[in-house]
Amino acid sequence: GDVYKRQAIDNSQPRLHVMFFTAGWNPQCTKAEAELDEISNKHLDYEFYKINSDVAPLAPKYYGVKYEPEFIVCCLGQEMIRHTGLNLKLLEYKLDRVEKHFRGIRFWEGTAQYEEFQTSFNQEFELFEKEFDNWAR
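The shown structure was predicted, so the numbers you read here are calculated from the model rather than taken from an experiment.

Undergrad: Outline the environment of Ile-81, supporting the account with residue identities and numerical values.
TA: Topologically, Ile-81 is positioned in strand E4 (residues 78-84). On a C-alpha basis, the gap between Ile-81 and Phe-71 in space is 8.3 Å, while along the polypeptide they are 10 residues apart. Non-local contacts of Ile-81, meaning those with residues more than four positions away in its chain, are made with Phe-71, Ile-72, Val-73, Lys-94, Leu-95 and Val-98.

Take a look at the structure:
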């Protein structure tokens, strides 16, 4: 029972992501990657993605990444913070701050994921618009 409840609570929170931009030629990226496993094990509320700029050269351009290693922290697809360089203690501090901010956010009851929340909100807004249009006529 408790596991299911915990999962239901987790699914009601916004999704947090960390995009780690790396390059094979950069020794700082190798160091950062070695420490990132430890960081990702501490921050279980985040999903971590490794993007190799050598393999996907358009991705850094799309996100405006100019230096590797660079970390972009997103919530619901929106950039929250950006961290460049090897100071991973500072990255952890930033991850903690974002996590604390979003820990208290809950979606409406009955909406397990953001997509469901967005659909529900859009349906209610359309209903409101129709009612308002009928009233305004």
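Undergrad: I'd like a description of helix H4 (residues 88-103), backed by residues and values.
TA: Along its 16 residues, H4 runs 22 Å from first to last C-alpha, staying within 8% of the 22 Å computed at 1.5 Å per residue. Taken together, the buried positions of H4 are occupied by Leu-88, Leu-91, Glu-92, Leu-95, Val-98, Glu-99 and Phe-102. All buried residues of H4 fall inside an arc of 130° around its axis, so they share one side. Turned more than 90 degrees away from the buried face of H4 sit Lys-89, Arg-97, Lys-100 and His-101, all of them exposed. Against strand E1 (16-22), helix H2 (27-42), strand E2 (46-52), strand E3 (70-75) and E4 lie the buried residues of H4.

Conventions adopted
Residues numbered from 1 in each chain as written. Predicted model: local features only at pLDDT ≥ 70, side-chain atom pairs only at ≥ 80, totals over all residues. Heavy atoms only, no water. Helix = DSSP H or I, 4+ residues; strand = E, 2+ residues; numbered from the N terminus. Contact = heavy atoms within 4.5 Å. Expected span 1.5 Å × (residues − 1). Buried < 20%, exposed > 50% of the residue type's maximum accessible area, 1.4 Å probe, protein only. Arc of directions from axis to C-beta.

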